[in-house]
Structure formats: C-alpha cells, structure tokens
Amino acid sequence: MHCFRKVTEDLYWVGGNDRRLELFENIFPLTKGVSYNSYLLLDEKTVLFDAVDQAMGRQFLENIKAVLDGRTLDYLVVNHMEPDHCAMVEDLTLRYPDMKIIGNAKTFPMISQFFDFNLEDRTLTVKEGDTFSSGKHTFHFVMAPMVHWPEAMMTYDETDKLLFSADAFGTFGALNGNIFNDEMDFDRDWLDEARRYYTNIVGKYGMQVQNVLKKAAGFDINILCPLHGPIWRTDLDYIIGKYNIWSKYEPEEKGVMIAYASMYGNTENMAEILAASLAEAGVKNIRMHNISKTHVSELISDSFKYSHIVLAAPTYNNGIYPLMENYLEDMKALGLQNRTVAILGNGTWAPQSSKLMAAKVGEMKNMCLLEISVTIKSALKNSQREEVESLGRQIAKEVL
Ligand code: FEO
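Residues numbered from 1 in each chain as written. Predicted model: local features only at pLDDT ≥ 70, side-chain atom pairs only at ≥ 80, totals over all residues. Heavy atoms only, no water.

Draft legend 1. Local environment of the overall build of the protein. A tally of helices and strands in the protein yields 13 helices and 23 strands. In terms of principal-axis extent, the alpha carbons of the protein reach across some 80 × 40 × 35 Å. Classification of the 400 residues of the protein by burial places 56% in the buried group. In the protein, of all internal contacts separated by at least 6 residues, the share reaching a separation of at least 24 is 72%. Of the roughly 17000 Å² of accessible surface on the protein, a fraction of 48% belongs to carbon and sulfur atoms. The centroid of the 40 positive side-chain charges in the protein is displaced by 4 Å from the centroid of its 54 negative side-chain charges. (Helix = DSSP H or I, 4+ residues; strand = E, 2+ residues; numbered from the N terminus. Buried < 20%, exposed > 50% of the residue type's maximum accessible area, 1.4 Å probe, protein only. Contact = heavy atoms within 4.5 Å. Areas by Shrake-Rupley, 256 points an atom, 1.4 Å probe, with all protein chains shown as cover. Lys, Arg positive; Asp, Glu negative; His and termini not counted. Charge placed at Lys NZ, Arg CZ, Asp CG, Glu CD.)

Draft legend 2. Highlighting the nonpolar core. One finds Phe 60, Leu 92 and Tyr 243 to be the most contacted residues of the largest nonpolar core, which totals 87 residues. Those residues in contact with Tyr 243 that sit more than four places away from it in its chain are Asp 167, Ala 168, Phe 169, Gly 170, Tyr 197, Tyr 198, Val 209 and Leu 213. Residues Ala 261, Val 296, Met 357 and Met 364 belong to the second largest nonpolar core, which totals 27 residues. (Core = buried A, V, L, I, M, F, W, Y, C linked by side-chain atoms within 4.5 Å.)

Draft legend 3. Geometry of the domain arrangement of the protein. By domain assignment, the protein separates into domain 1 (5-247) and domain 2 (256-399). A C-alpha centroid distance of 39 Å is found between domain 1 and domain 2. Taken together, the contacts link eleven residues of domain 1 with ten residues of domain 2. At the boundary of domain 1 with domain 2, total buried surface from both sides reaches about 910 Å², with 57% on carbon and sulfur atoms. For the domain 1 face of the interface with domain 2, the top three residues by lost area are Arg 195, Thr 199 and Asn 200, together amounting to 47%. Counting every contact that joins domain 1 to domain 2 gives zero salt bridges. The interface formed by domain 1 and domain 2 contains four residue pairs in polar contact (both at pLDDT 80 or more). Here the side of domain 1 that touches domain 2 is built from residues that sort into four nonpolar, three polar and four charged. (Domains from an automatic or database assignment. Buried area = accessible area lost by both parts, 1.4 Å probe. Salt bridge = Lys/Arg side-chain N within 4 Å of Asp/Glu carboxyl O. Polar contact = N/O pair within 3.5 Å; in protein donor to acceptor, adjacent residues only side chain to side chain. Nonpolar A, V, L, I, M, F, W, Y, C, P; charged D, E, K, R; others polar.)

Draft legend 4. Structural view of the environment of Arg 71. Locating Arg 71 in the fold gives a position in the loop between α1 (57-68) and β9 (75-77). Spatially, the C-alpha atoms of Arg 71 and Val 52 are 21 Å apart, while their sequence positions differ by 19 residues. Among residues more than four places away in sequence, those in contact with Arg 71 are Leu 42, Asp 43, Glu 44, Lys 45 and Thr 46. Side-chain polar atoms of Arg 71 contact the backbone oxygen of Glu 44, separated by 3.0 Å.

Draft legend 5. How the structure looks around helix α12 (residues 353-362). Among the residues of α12, those classed as buried are Ser 353, Ser 354, Met 357, Lys 360 and Val 361. Taken end-on, α12 shows its buried residues confined to a sector of 130 degrees, consistent with a single buried face. For α12, the exposed residues set more than 90 degrees away from the buried face come down to Lys 355 and Gly 362. For α12, the secondary structure elements touched by its buried residues are β19 (306-316), β20 (319-320), α11 (322-333), β21 (340-346), β22 (368-369) and β23 (374-376). (Arc of directions from axis to C-beta.)

Draft legend 6. Molecular detail of the sheet that holds strand β16 (residues 223-225). Pairing is mixed across the open sheet formed by five strands, whose spatial order is β12-β13-β14-β15-β16. One side of each edge strand has no neighbouring strand; the edge strands of this open sheet are β12 (131-133) and β16. Across the sheet, the mean angle separating the axes of adjacent strands is 25 degrees when strand polarity is ignored. Strand direction decides the pairing type here: strand β13 (residues 138-143) and strand β14 (residues 153-157), joined by five bridges, are antiparallel. Paired with His 140 across the strands is Tyr 156, a residue of β14. (Pairing = 2+ DSSP bridges. Axes fitted to C-alpha atoms, helices over the stretch in contact; angles between N-to-C directions.)

The structure is reproduced here in structure tokens:
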C-alpha cells in the first residue's frame, strides 16, 4: 500500500525507508536504517526527481502510482546515478514507456553501464545553467561533480525556491513518519549520523563541496530536498553551516578523541590515565573509543568532530596494530586535515607503533603532531606515569 507525504502544494515525497539493511554500501553499519528520498511533482508535466534503492522498489512504485492517480510520468530527473537512487530506472521505463530522462553528459553513459535498455529518443541532456519548465515550475541545473560521483548534479526549482541537492545534506537514518527537519530534534537525534554519513561518504571531497556551497549561495533557497534523511524547510543555515565546517576540515568542537587499541589492557590503561589527567586539567569534552569495538566509520566521524586526537596502540608483527592501521589509512584516504595529534605506543620487545603511527600522521595534510609521545614496554610503570600525565596537561592547555 502506498505511503507518501506532501512536501509542497504539488510536490510529494515518494521514497522509502530501509530498516533491514545491515551495511550501507556493504561497509557502513546502519543502526538506525536509511531513507531513500524521491520526489514527484504534479505540474502540467509530471516530473520525478531521482528514484530509490531496489529494496524499496515495490513501495516506491506504489507511491508513484498513487500520487499520479491515473496520470502518466513524463520526466525523470537523475541527479545522481548511484544505485541507491537509480536502481529503479529501468522499471520506470517499463511502466512509463513515454517517460523522458533528464541528466547530464556524464549521466547517460552510466545508465548504459548499469542497464541494457535502449536510451534512444528518451534522453534530455542538460548542462550547467540550463533551464527546463514543467509548466508552473522552472528548473535550473547545477553541476556538482565529485559530490560525490562525477555525474552528480543538483536541480533548483526557482518557483518554490527549492533545491534537490542529491546526496548533499543527506544523512544515515530512516525517517520515522516525520520527514521535515522542523518535525524532529535534529541536533539531538540526527547530527551524529549526519556527520558519519558526510565524513565517510563525501569527506574526501571537501574542495568540491566548497565549490557547490559557493554555487548554492547564488540561489535563494527555502527548502533543501536531499536524497537521504530529512527535508530542510527551516534553519537551513544550521545544516549548511555544518557542511561548511566539515568540508573545510575544521574541527566542530574543541575536545579530545582518544582512539586506543589494546590487546591485554595495558595500552588501554595508559589511555585511561591520559583521559583522567585531561579531566583533572579541566577538559570536559573527552571521547574514548576502543577501536576494536567501534566501527571505523564512527572513528572517522569523531575524528572530523574533535580538535585533538590521541592515538594509542601496541606494536603488532613489527607494525601498527592492524585495526589502528586501517583507521589511519581511512583517515588519510578521506583527507582529514588540521588536527592536533598525540601518540601513545606500546611493544614488549621492539616497540615500533609510536614511530610508525607518527609516520602515518605525517603523510596527512596540515596535521600538528605533538612532540611529546609516550612509548612503553608492555605496561605503564610509575617511572613513566609523569610522561603520560604531562602529555595530558599539554593537550589540556591547548584545548582550553
Ligand atoms: Fe546516496 Fe551517492 O548515493
């Protein structure tokens, strides 16, 4: 049975919510599910903006049919060709044989890569600055390359001052009936998932996001319609501000994230003592992660959030403890910058992890590595306790 909601007088949310999928992109855990947003406009022509993942296909087709209420679908705008939004494109062509597809020069080759249906006489290719009218509504097409695929674009409806923003301003998390930001407490219930989504999916493309934000500033926008998560119709500056901070790789908060790996609890003990010394020095914003029990996407999210990062790990096979190495490789791949990093290392016979973690951090841009790092052999002893506490005081001084 159909389940849709009205966005404006003639625009409908016809997407779906997936609370069954374990891993988004088969990588990222979805503890709160995910929404795939699609929007259907009933103007003189009917226009669908993006589609959904195949898991939501049946619900989606029922929603469209119900909203169309006997009309046909004239146009599909493909802002983004990733399969979580385009899996149903071929099904739509079968149901609505006269439907035209609007995309850019990079969209259609991708459609042909993913599907085998004939695109002839079905395409309308647009480029930056082109406009299209469906009757009452006039649309402008804004290219958004590498946010986060090369073909990504956004569509601005000048009539309703509404931006279909593709993945930008999206978040993990299924919608719970409420689809608008003013129907929920976003800061309390959604921000962490929004950050985890942005930093892991789009984090690498900060410069491209900055370019899109500059373009978007040229439009008068009242409503943001992303492909995942809530629709923004109030307080747009809040989410745009978050994107601005994240894409400039600026810390969102002054605070310390301690990411530790520990095989038998000794490196963990050193991390705990450091955390206690930070607290003694007055730091309130401290976040500790046992990286063996925290998905790397959460580590990345908090790495983008906090100004200071402490890495603590033992040596393993003469290298860095594997989960720490994986986290650091991910941090580097996603281009994290502008953080202050401190290091705690351990090793029983040939401690290498401090030196190797420092080298990895050195491969990243604009990272400030604190000169003091602490390396222990097996377990922290009284003789080195002051080194750990002194590092804590130094970090605290910076944070405060
Ligand atoms: Fe939600 Fe890039 O797809």
